[in-house]
Amino acid sequence: MGSHRGTESDFELTTIERLDTHGYTWCHGSEVEREDDDEVVLRSRLRDSLAQRYSDLPAGPLAEAVAKLSRPEGVDPLRRNLAFHQLLTRGFEVRVEHADGRVEHRHIHAIDWETPEANEFLVVNQLGIRGKNDRRPDVLVYVNGLPLVLFELKNPYSDVPTVDDALNQIQHYIHDIPQLFEFNAFTIVSDGVHTLHGVWTSNEEWYAPWKSIDGRKVEPGTTGSMKVLIEGLFPKDRLLSYVRDFIAFEEANEKLTKKAAKYHQFFAVRFAAEKTKQAVLAGKDKRIGVIWHTTGSGKSLSMAFLVGILRRMRELENPSFVIQVDRNDLDDQLHDQFVAVRSLVGAVQHAESVSELRSLLRTEGGEVIFTTIEKFRLRDGETSHEVLSPRPNIIVIADEAHRSQYGFLQGYARYLSEALPNAHRLGFTGTPVSFSGADTEDVFGTLIHTYDIKQSQEDKATVPIYYSPRMVKLHLGHNDVDSALKEITENAEEFDQAELERRKSRWAALAAAAGAEERVKKLAADLLAHFLDRTATLKGKAMIVAMTRANCVRLYDALRALPNSPEIKVVMTGDLGKDPKEWSEAGHLTTKTQRDAIKKRMIDPDDPLKMVIVCDMWLTGTDIPCLHTLYIDKPMRGHNMIQAISRVNRVFRDKPHGLIVDYIGIGDELREATNRYSKGGGQGEPAPDIEEKARPLFLQCLGDIRKLLPEAQAAQAPKWRGLSRIDVEDLYAFAYGFLAEDEERKDDYLQTELRLTSAFLLVKHLDDCRVHADEVIFYQRVRKQLSKATPGRKPKRDLEVAVRDLVDDSVESEGVVDIFKSVGIEKADISILDDKFLQTFKDRKHENLRLKLLEQLLLDEIHRRQKQNLAKAKSFRELLEKTLQRYHSRIIDAATVVQEMIKLRKELGASEARAKLLGLAEDELAFYDALSENAESLYQQPFLSDLVHEVVQTIKRNLKVDWTEPHRDDVRAAIRAAVKRVLRRKGVKPEDFEPFMEKFMAQAEALYAEWPLAA
């Protein structure tokens, strides 16, 4: 490989060289052959690849195949991406007419999946792509001329551009060159320190690191993140496997979502697929093995990926899959997940009854059947289960492989084994096999892959969970609680009905004590106070677990009777023959459709429904990412407890943790579960105690942030309320100036403050931590003002966050210092930029900070005006950047910068006069400026003014609601046609039609996107 690769950064060159070691060839973007600069598919390479593999294919069908792959159908880029993915992974047919009159339908694959080396893997850097704005992605990986992977890289040797900037740039690409993403499988962003992969439609929290090369061990931090990614994912066979088998498009509730595997899913599923093939072909051992992936880390999607691979394996000869769970609600949830990704797994069947299950299993293969294990029960008069299928290529996949699958002497597992005597068994579990007893390996086989709590949290696949005991007195001894719990939960399958009834009576007595009126009132008052306090600083929702359905209703009534109670729902099924009619009238007895609607509302973080109360439902399998608190008033233990508490470990925006609040006393059971988790080979604690773990974490964060300020100022921070107004203002101004002067120092501070705030959320109820509240407020306010002083963009934390500050400054103003006033800027408005301001500028301290604040004001104003006038906003931004660059290069002084800023501010306000001079309305001026950038030398000003006026009126007449949305292609087409008629009638040269059209449409979308409000 030649040493010259253009003038790209060292990091870009190194990335290309890493790919080169895996057999990828390289070509600079300037040397790539394309028919047009807006094309992203390398058609000649695609054509050559197809011609080589299908050498007897005539020119016509070959051209048809190239056209199909190059122009996927769909109303928007995501739908076209789905259409392309299906063409790529499934193949497609072209019609071939032979000379003798025969017509043949040939199935074509763009990629030779079985022989990776038979494909062309090409790395292209700095490929210019024409779009709404022309862009040059850093690195693209092509397979047979198709751009499947995008790398966006930031300089690892500089502290300014980070992986966040790379992610932000991807968003610009999506807007400016959307055609690239019609073919994109996944995207890589890296700043050298952090390398993340994700699908282009994802928010940043779903971009993830790739941490293993061989799938067996996690690489240490000393191994470079890009090295691990490329060696772990980019060997040719692995890349093709990932693109083909580990990308899913979920279609649910009229919404399309693209998802892709993380490294633990990729390796676990590949290992499991290989073990399944070996087990079926060997024919002796019916056990495939167990995948232990901690709850919340994507087991449902892993199962779907596995089924997608196995159903295509020739060696398995069209296998059937029985996805088997032990609860109806879990059955529904997993089934819905598979239905959402049916393009990956094929048709999905749901056994609604024993008879339907037996009917579905008597076929010749290829089905995916969902059932609960109890549907393998015997019918009246049967002493054993009839054989439903003797086929060995039936794969039984058990979700949460634990105790309910072990009744081989008597019970459902025995009947399943009799019904499918040659089926092979694979287990998925979120807890170690030790939680279910030694029988797990006897039933399913040895561990295939492990992904434990510690690794999941380090990878940010889940958030940590903390435990907080907060008991409300129960008039029963602990031994009563413990023995009742043990009796009702252990070995239930092994007892007859009379014994089960006796055990249930003990549970009922315990439930009655827990549901006593006086206790429920105390519980409701404490719980609501805790929830309101918690959500004051952490946006999110809560779930309450009660012992019985009656207790759920009692607690609901008690909570709703309290002032400031948010909207709450009870989630449970009912028995209309026995339950009080008041439960129905109150809406507590719900159907599946109603529960789905409640879940949808809970998932929406902005919906006013804030809490649900459950008894048994939703404790396994339910994903509500914004759920951050679980209130437990029901004894639990072992596997079921771990499943329940994992409801709050889902990733959501910047949610720092989940919290378990214990009202009944499960602490001993949790400690026992932690011990068993560790003994079972798992690292990390399911839910460490707040006082043991969170208190030292908070105190460490407090120490860390103090070290970032000079000693004198750090000593004053806790005492700011006792200072005079002048001293407080000087303290804040010094802190702002000190941190803002150094980018690295400022970034360290912002990250440390976020850790401090997140830690304080957990400990603010502890007396020895609450005393530091004023100091935390001081650091939060410094962060707020630093954000104001950060030019160009608002930090993501200030845009869409879960974590909130301790005190809302709009409510409590004590001690708040306005950073602008503290450095002599009387108000945060560009109107202060005038000649009088220039006279006072030199007399003030904090010169650099003042410039940063002024820069922010101007950039905000430019951004505000961008919708009104794209062309002017762009030129103003470039002018400001050039001026500041000259200042930082010490070519001009700060006063000169302010002079330029004043001039710029005056120009920003001059648009009204210009519009009047040109005889245009202000919105028409924006179109004129967009057009005149290149057209003023070709056409006279009066002609352009007249043309713009008529085009704008034409556009307005054709606007409709939501006209910029993907489903309104017809409206945009009608507007383009109407504008084209005006251009033709006014005598615009034909070669200028398209450039003019693009300018008009871009400005119209910016200005009138909210029509009719904007127009």
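Refer to the preceding data block for the structure.
Residues numbered from 1 in each chain as written. Predicted model: local features only at pLDDT ≥ 70, side-chain atom pairs only at ≥ 80, totals over all residues. Heavy atoms only, no water.

1. Comments concerning the sheet that holds strand 24 (residues 658-662)
On the basis of which strands lie adjacent, the open sheet formed by six strands has the order 19-24-23-20-22-21 and parallel pairing. In the strand order of this sheet, the two ends are held by strand 19 (465-469) and strand 21 (567-571), each with one partner. Shown here is a sheet whose adjacent strand axes are inclined to one another by a mean of 20°, direction ignored. Pairing analysis gives four bridges linking strand 23 (residues 627-633) to strand 24, with the strands arranged parallel. Its bridge partner lying in strand 24, threonine 629 is registered against leucine 659. Each of strand 19 and strand 24 is contacted by helix 24 (residues 690-706), which is oriented at about 120° to strand 19, the strand it contacts most. (Pairing = 2+ DSSP bridges. Helix = DSSP H or I, 4+ residues; strand = E, 2+ residues; numbered from the N terminus. Axes fitted to C-alpha atoms, helices over the stretch in contact; angles between N-to-C directions. Contact = heavy atoms within 4.5 Å.)

2. Notes on unusual backbone geometry
Positioned with a positive phi, asparagine 144 is a non-glycine residue whose angle comes to about 55°. The backbone of glutamate 317 shows a phi angle near 50°, a positive value even though the residue is not glycine. Relative to the helices and strands, glutamate 317 is located in the loop between helix 9 (299-310) and strand 13 (320-325).

3. Remarks on the packing of helix 8 (residues 263-282) against helix 9
At a minimum axis separation of 9 Å, helix 8 and helix 9 run at an interaxial angle of 40°. By the angle between their axes, helix 8 is oblique relative to helix 9. In this structure, the crossing between helix 8 and helix 9 has a hand that is right-handed. Judged by residue contacts, Gln265, Val269, Ala272, Ala273 and Thr276 of helix 8 engage Leu301, Ser302, Phe305, Leu306, Ile309 and Leu310 from helix 9. The residue inventory of the contact of helix 8 with helix 9, partitioned by class, reads eight nonpolar, three polar and no charged. (Parallel < 35°, antiparallel > 145°, perpendicular 65-115°, else oblique. Left-handed = near helix turned anticlockwise from the far one by under 90°. Nonpolar A, V, L, I, M, F, W, Y, C, P; charged D, E, K, R; others polar.)

4. Quick look at the nonpolar core
Core analysis: the largest hydrophobic core is formed by 121 residues, its most contacted members being Leu148, Phe151, Phe186, Phe234, Ile323, Phe338 and Ile397. The greatest single-element share of this core, amounting to ten residues, is contributed by helix 8. No fewer than three residues from each of domain 1 (8-40 + 118-252) and domain 2 (261-459) sit in this core. When near neighbours in sequence (up to four residues on either side) are disregarded, phenylalanine 234 contacts Leu19, His22, Tyr24, Val141, Val149, Phe151, Phe186, Ile188, Leu229 and Leu239. (Core = buried A, V, L, I, M, F, W, Y, C linked by side-chain atoms within 4.5 Å. Buried < 20%, exposed > 50% of the residue type's maximum accessible area, 1.4 Å probe, protein only. Domains from an automatic or database assignment.)

5. Thoughts on the environment of tryptophan 113
Tracing the sequence through the fold places tryptophan 113 in the loop between strand 3 (103-108) and strand 4 (121-125). Judged by its relative accessible area of 10%, tryptophan 113 is buried. Not counting residues up to four positions away in its chain, the partners in contact with tryptophan 113 are Leu88, Thr89, Leu240, Val243 and Arg244.

6. Concerning empty space enclosed by the protein
Scanning the entire structure with this criterion turns up six cavities of 30 Å³ or more. Within this model, the largest cavity holds a volume of roughly 100 Å³. Thr294, Ile453, Ile465, Ser646 and Asn649 are the residues nearest the centre of the largest cavity, which is lined by 14 residues in total. Elements with a contribution of two residues or more to the lining of the largest cavity: helix 15 (453-458) and helix 22 (638-645). Looking at the lining of the largest cavity, its residues break down into six nonpolar, eight polar and no charged. A domain-level breakdown of the lining of the largest cavity finds at least three residues from each of domain 2 (261-459) and domain 3 (465-489 + 498-676). (1 Å grid on protein atoms, 1.4 Å probe; cavity = no way out; pocket = protein on both sides within 12 Å on 5 of 7 lines; lining within 4 Å. Points joined across faces, edges and corners; volume = space filled by probe spheres on them.)

7. Overview of the side chain of aspartate 112
Within the secondary structure, aspartate 112 sits in the loop between strand 3 and strand 4. The buried charged residue aspartate 112 lacks any salt bridge, with arginine 53 as its nearest oppositely charged partner at 5.0 Å. Of the polar contacts made by the side chain of aspartate 112, one reaches the backbone nitrogen of threonine 115; its length is 3.1 Å. If sequence neighbours within four positions are ignored, aspartate 112 has contacts with Arg53, Ala118, Asn119 and Leu240. (Lys, Arg positive; Asp, Glu negative; His and termini not counted. Salt bridge = Lys/Arg side-chain N within 4 Å of Asp/Glu carboxyl O. Polar contact = N/O pair within 3.5 Å; in protein donor to acceptor, adjacent residues only side chain to side chain.)

8. What to know about the side chain of arginine 244
Here arginine 244 lies in helix 7 (residues 236-245). Judged by relative accessible area, which is 15%, arginine 244 ranks as buried. In terms of polar contacts, arginine 244 uses its side chain to reach the side chain of glutamate 114, at 3.4 Å. With near-sequence residues (within four places) excluded, arginine 244 lies in contact with Thr89, Trp113, Glu114 and Arg312.

9. Side note on the pattern of salt bridges
This model, assessed by the stated rule, comprises 51 salt bridges. Put simply, glutamate 152 and lysine 154 hold a salt bridge, and the shortest N to O gap is 4.0 Å. Of the two residues, glutamate 152 and lysine 154, both sit in the buried class. A single network of salt bridges, built from pairs that share partners, joins Arg358, Arg362, Glu382 and Glu386.

10. Regarding the sheet that holds strand 9 (residues 208-209)
Spatially, the seven strands line up as an open sheet ordered 1-4-5-6-7-8-9, and their pairing is mixed. Each edge of the sheet is formed by a strand with only one pairing partner; in this case those strands are strand 1 (25-28) and strand 9. As defined by bridge partners, strand 1 adjoins strand 4 across four bridges and the pair is classed as parallel. If you follow tryptophan 26 over to strand 4, its bridge partner there is valine 123. Running at roughly 40° to strand 8 (residues 195-198), helix 6 (residues 225-233) makes contact with strand 6 (146-153), strand 7 (186-190) and strand 8 of the sheet.

11. What to know about the pairing of strand 8
Alternating residues of strand 8 divide into Thr195 and His197 and Leu196 and Gly198, and every residue in both groups is buried. Sheet topology note: the strand 7/strand 8 ladder contains four bridges and is antiparallel. Bridging across to strand 8, isoleucine 188 finds its partner in histidine 197. Once strand 7 ends, the chain turns through four residues before running back antiparallel as strand 8, passing glycine 192 with a positive phi of about 90°.

12. Examining the packing of helix 24 against helix 27 (residues 743-763)
Viewed as axis vectors pointing N to C, helix 24 and helix 27 meet at an angle of 150°, and their least axial separation amounts to 9 Å. Between helix 24 and helix 27, the angle falls in the class roughly antiparallel. Relative to helix 27, the crossing made by helix 24 is left-handed. Together, Ile690, Ala694, Arg695, Leu697, Phe698, Cys701, Leu702, Asp704 and Ile705 of helix 24 and Tyr749, Thr752, Glu753, Arg755, Leu756, Ala759, Phe760, Leu762 and Val763 of helix 27 make up the contact between the two elements.

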